[in-house]
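Structure at a glance
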Amino acid sequence: MKRSRRKFLRLLAAGSAATLAAPATALAAVARKKPARAAKPALPAAPALPAAVAAEIEKQKGYVAGALKAVRGYALPPGSDLAFTFRPVRARRKAKTP
């Protein structure tokens, strides 16, 4: 059986492509396998805060909570202006350097 030149070249190209792809597929298979991870060491416990620092943090949390309550509790009259309005700004064109 006589093969055409075109079929022969197609077979040759397919074989060459398979030969070149074989090492790449083997490397890809190896790359897909993840090595076993070692267990992460436990983080050391956070040091205990001095009593004065812990009390100050709680006091600051109280101040923030009070401020949020005041802001959220403020009733705006209907139809009042927005706090801000977004207006896009056109990008500046770079000056041409001679």
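Before reading on, note that the structure itself is shown above.
This one's a predicted model, so the numbers in the text were calculated from it and none came from an experiment. (Residues numbered from 1 in each chain as written. Predicted model: local features only at pLDDT ≥ 70, side-chain atom pairs only at ≥ 80, totals over all residues. Heavy atoms only, no water.)

1. Some points on the overall build of the protein
- When you go through the protein residue by residue, the secondary structure sums to two helices and zero strands.
- When the 98 residues of the protein are sorted by exposure, 0% land in the buried category.
- When the accessible surface of the protein is summed, it comes to about 10,700 Å², and 65% of that surface belongs to carbon and sulfur atoms. (Helix = DSSP H or I, 4+ residues; strand = E, 2+ residues; numbered from the N terminus. Buried < 20%, exposed > 50% of the residue type's maximum accessible area, 1.4 Å probe, protein only. Areas by Shrake-Rupley, 256 points an atom, 1.4 Å probe, with all protein chains shown as cover.)

2. Some points on a positive patch on the surface
- Residues Arg3, Arg6, Lys7 and Arg10 make up a contiguous surface patch of positive charge.
- On the basis of relative accessibility, which here comes to 57%, the residue Arg10 falls in the exposed class. (Patch = residues over 30% accessible without salt bridge, like charges linked within 9 Å, V, L, I, M, F, W, Y side chains within 5 Å. Salt bridge = Lys/Arg side-chain N within 4 Å of Asp/Glu carboxyl O. Lys, Arg positive; Asp, Glu negative; His and termini not counted. Charge placed at Lys NZ, Arg CZ, Asp CG, Glu CD.)

3. Observations regarding the pattern of salt bridges
- Here the structure, examined in full by the defined rule, presents two salt bridges.
- Glu56 is paired through a salt bridge with Lys59; the nearest N and O atoms lie 3.4 Å apart. Taken together, the residues span about one helical turn, with Glu56 and Lys59 both in helix 2 (residues 51–73) at a distance of three residues.
- According to the relative accessible area criterion, Glu56 is partly exposed, its value standing at 34%.
- Here Lys59 falls in the partly exposed class, since its relative accessible area comes to 43%.

4. Looking at a nonpolar patch on the surface
- Taken together, the side chains of Phe8, Leu9 and Leu12 define a hydrophobic patch exposed on the protein surface, amounting to about 300 Å² of accessible area.
- Assignment of secondary structure puts Leu9 in helix 1 (residues 5–32).
- With relative accessibility at 45%, the residue Leu9 sits in the partly exposed group.

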